[in-house]
Amino acid sequence: MHDHSGKERIGFSKSIGVEESNVVELLAIREAFILFATSKWEQTEALIIESDTMNAVNWILRPNSAPWRLRNFINHIENLKLMIRDWRIVHVLRECNQVADNLAKEAVNLTSDFLLIDEG
């Protein structure tokens, strides 16, 4: 996650093993909501999620369109959305989202979670 000037403030990667790409993206979006909702920035900044998975973007914007098997993730995200004053999600090309793409690829081999917070 970056601030308004582009400086990275929060970075994370979770150990999830091999999973279908839509599930991985929803897990990452849910984690972003959780981290942002509990951060000091929630009261002063907007959460802007950039996803290279159009399905995930559509499901976050239109939760009823999500497949039934993903409803637990979507319902949790819906509850988290209520906790955040200002948020939006946008679709970006994978080429524009290289940091997130690389973290996702590395997560396949992680044995523990990674979290970086820069409060500066």
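Residues numbered from 1 in each chain as written. Predicted model: local features only at pLDDT ≥ 70, side-chain atom pairs only at ≥ 80, totals over all residues. Heavy atoms only, no water.

**Looking at the pattern of salt bridges**
All told, the structure shown has 3 salt bridges when counted by the stated rule. Between R69 and E20 there is a salt bridge; the shortest N-O distance is 3.3 Å. In this pair, R69 is assigned in the loop between α2 (54-61) and α3 (71-81) and E20 in the loop between β1 (10-13) and α1 (21-37), connecting sequence segments 49 residues apart. With a relative accessible area of 56%, R69 lands in the exposed category. The partly exposed category is assigned to E20, whose relative accessible area is 29%. In this structure, the salt-bridge partner of E78 is K81, at a minimum N-O distance of 2.4 Å. Of this pair, E78 and K81 both sit in helix α3, separated by 3 residues, roughly a single helical turn. A relative accessible area of 11% places K81 in the buried class. (Salt bridge = Lys/Arg side-chain N within 4 Å of Asp/Glu carboxyl O. Helix = DSSP H or I, 4+ residues; strand = E, 2+ residues; numbered from the N terminus. Buried < 20%, exposed > 50% of the residue type's maximum accessible area, 1.4 Å probe, protein only.)

**Here we look at the packing of aromatic side chains**
Overall, the coordinates contain 1 aromatic pair when judged by the stated rule. Geometrically, the ring pair formed by F33 and W87 is edge-to-face, given 5.6 Å between the ring centres and 70° between the ring planes. Highlighted residues: F33 in helix α1 and W87 in strand β3 (residues 87-91), separated in sequence by 54 residues. (Phe/Tyr/Trp six-rings, centres within 6.5 Å; stacked < 30°, edge-to-face > 60°.)

**Some thoughts on α3**
R71, I74, I77, L80 and K81 are the residues of α3 that are buried. At its buried positions, α3 is contacted by α1, α2 and β3. (Contact = heavy atoms within 4.5 Å.)

**Points about the side chain of E42**
Tracing the backbone shows E42 in the loop between α1 and β2 (47-51). As a buried residue without a salt bridge, E42 has its nearest oppositely charged side chain in R85, at a separation of 4.8 Å. Looking at E42, its side chain comes within polar contact range of the main-chain nitrogen of R85, at 2.9 Å. Those residues in contact with E42, other than ones at most four positions away along the chain, are F36, A37, M83, I84 and R85. (Lys, Arg positive; Asp, Glu negative; His and termini not counted. Polar contact = N/O pair within 3.5 Å; in protein donor to acceptor, adjacent residues only side chain to side chain.)

**Some thoughts on the environment of M83**
Following the sequence through the fold, M83 ends up in the loop between α3 and β3. When the C-alpha positions of M83 and F33 are compared, they lie 8.9 Å apart, and in sequence the two are 50 residues distant. M83 has contacts with A37 and E42, leaving out every residue within four places of it along the chain.

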